[in-house]
Amino acid sequence: MADLRYRRARNLADSYGQVFTPAVVADLLIRSLPVPVDGVRSLLDLGAGQGALTDAAHRAHPAARATLLELDPVLVRGLTQKPKRNRRVVQADLLQGQWRPATAPSWILSNPPFGHMAVTEELASEVAQSALGFEPEGTWLRGDVAFLVKAWNMAAKGTSLGFIVASPILCDPIYSGIRSTLAREMGELVVTQLPEKVFDRAQVCAHMISGRKAVARKRGIVLRKATVEGEIVDELVIDQVAARASLDIDYHRTIERLGVDLSRMRETLSSAGALITRGSRSNADYKRLGLEAFHTTDLDVRGGDVHLTGGEPTGHQIARAGDMLIARVGSRCIARQARVDGGAGPYTDSVYRVTVPLQHRQRVWKTLSSSFGTEWRLAHAAGSCAKHLTVQTLASMPLLPA
Ligand SMILES: C[S@@+](CC[C@H](N)C(=O)[O-])C[C@H]1O[C@@H](n2cnc3c(N)ncnc32)[C@H](O)[C@@H]1O
């Protein structure tokens, strides 16, 4: 099924990211949250939808006073038509204006919209000033990042956050500042990877984050993996350095299997001056144009050293001698690489060209073609986080010692 959470939404429900949490996942989120010694007195449900998270919270803590914030008037009507005890519904846009609870609640819960949204100046400056550790670039922002910043700013020390977010916050290098803040400043931090098919109308890689905003902490961070039935089938404890790299259990299981110490691998493709560039057109386009372009299928049969014969047609990205070519997408070929030993030619947009200054070329090739290099790429691309490698992810790839 198509991913419904994308930038150009087909209708209002899509643009609001209306994918509702099944009860089994909502219950798991509630069970993962720290409970204050005097019980859960109040909770805030941001983007409450049909109230799945509050319903689960009330199953476990019926006395908690809940405030449900929702933007969509249709859903607000649905929530208010069935009045329930200890529940107040507020219609407001969390991301416009200054709605805030009068006092910080015991819990803040949210399964926010995951899509990208245009940022107002006010919101951009709130995100930039937030202590969560992320500075937006440009005019778009992920909905889950915006909601998390809002919740972080509303939380007091002692408030627990229970969030369902998409995998970029957990894996993408551009959100490493958020991961560091969560790892440093959330007590009892647990990150649970959810299976892709957990939501009814969307196939997404989502994770649950739960923990209590606290003073700086030193304990380990628990990463877990859940089934659609809400059962925990794997668990791993990592430290703060590892949390900055990724909060995804698949990634850390791979690193563990490879036996590498990430804290000692400080140099990356990016610090070696590598330029990573995607090809100009699709394979089908090149076929239509009658141009010979290097494609991921060539990695299957021509991995290792390749001689390109496509020439240098103008208006296309060209790979030349010394460049390295790796797959951007594809679960099998993502672990293969080729080095151009001569000639020149265009390459498709499923392929990245990695151009590295001469003094670092040998080391980068050694890393890309090592079992570490291939497993690392597989961990990022074929794991739960993404079905392709982003430029930022690849740029953050650690280099093996020279
Ligand atoms: C992914 S759904 C989750 C709904 C519900 N919390 C659940 O877990 O089933 C996100 C909800 O956020 C609401 N929403 C989207 N943008 C919002 C905004 N700016 N302010 C308040 N609510 C918003 C949507 O209408 C939708 O109901």
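Residue indices follow the written sequence of each chain, beginning from 1 at its first position. Totals for whole chains, interfaces and linings use all residues, but because this is a predicted model, local features are given only for residues with pLDDT of at least 70 and pairs of side-chain atoms are given and counted only at 80 or more. Side-chain numbers come from the whole structure's heavy atoms, not from hydrogens or water.

**Some details on the site of the ligand**
Near the ligand you find 23 residues, and of these Gly17, Thr21, Gly47, Glu70 and Asp93 are the closest. Any pair of N or O atoms that falls within 3.5 Å is considered a polar contact. Within protein, one atom must be able to donate a hydrogen and the other to accept it, and sequence-neighbouring residues count only if both atoms are side-chain atoms. In this structure, a nitrogen atom belonging to the ligand sits 2.8 Å away from a main-chain N or O atom of Gly47. Between an oxygen atom of the ligand and a side-chain N or O atom of Glu70, the distance comes to 2.6 Å. For this classification, Asp, Glu, Lys and Arg are treated as charged, while Ala, Val, Leu, Ile, Met, Phe, Trp, Tyr, Cys and Pro are nonpolar and the rest, including Gly, are polar. Taken together, the residues of the shell around the ligand break down into 14 nonpolar, six polar and three charged. The rule for a residue being near a molecule or strand is that one of its heavy atoms must lie within 4 Å of it.

**Quick word on the environment of Val119**
Under the DSSP-based scheme used, a helix requires at least four consecutive residues in state H or I and a strand at least two consecutive residues in state E, with every element numbered from the N terminus. Take Val119: it is sitting in the loop between β5 (116-118) and α5 (121-129). Each residue gets one of three labels from its accessible area relative to the maximum for its type: buried under 20%, exposed over 50%, partly exposed in between, using a 1.4 Å probe on protein chains only. For Val119, a relative accessible area of 17% translates into the label buried. Not counting chain neighbours up to four residues away, the residues in contact with Val119 comprise Ala124, Thr139, Trp140 and Leu141. Here a residue-residue contact requires only that any non-hydrogen atoms of the pair lie within 4.5 Å.

**A look at the nonpolar core**
The nonpolar side chains of a soluble globular protein tend to be buried with one another. Within the largest apolar cluster, 46 residues are counted, with the highest numbers of intra-cluster contacts made by Ile108, Leu161, Phe163 and Ile178. Broken down by element, the residue count for this core peaks at eight residues, all from helix α6 (residues 143-154). With sequence-adjacent residues up to four places away left out, Phe163 is seen in contact with Leu29, Ile108, Ser110, Pro112, Phe147, Leu148, Ala151, His207, Met208 and Ile209. Residues belong to one nonpolar core when they are buried, are Ala, Val, Leu, Ile, Met, Phe, Trp, Tyr or Cys, and are joined through side-chain atoms within 4.5 Å. Judged by nonpolar contacts, the second largest core, of 29 residues, contains Ile30, Ala56, Ala66 and Ile164.

**A closer look at the domain arrangement of the protein chain**
Entries for the protein chain in the domain assignment read domain 1 (12-264) and domain 2 (275-395). Each of domain 1 and domain 2 has a C-alpha centre, and the two are 36 Å apart. Around 1,200 Å² of area is buried between domain 1 and domain 2 when both sides are counted, 64% of it from carbon and sulfur atoms. When the buried area of domain 1 at its contact with domain 2 is split by residue, Pro173, Tyr251 and Leu258 rank highest and sum to 34% of it. What makes a salt bridge here is a side-chain nitrogen of Lys or Arg within 4 Å of a carboxyl oxygen of Asp or Glu, nothing more. At the surface where domain 1 touches domain 2, the tally comes to one salt bridge. Start and end positions for the domains come from either an automated domain assignment or a database one. By buried area we mean how much accessible surface two parts lose on assembly, using a 1.4 Å probe and totalling the loss over both.

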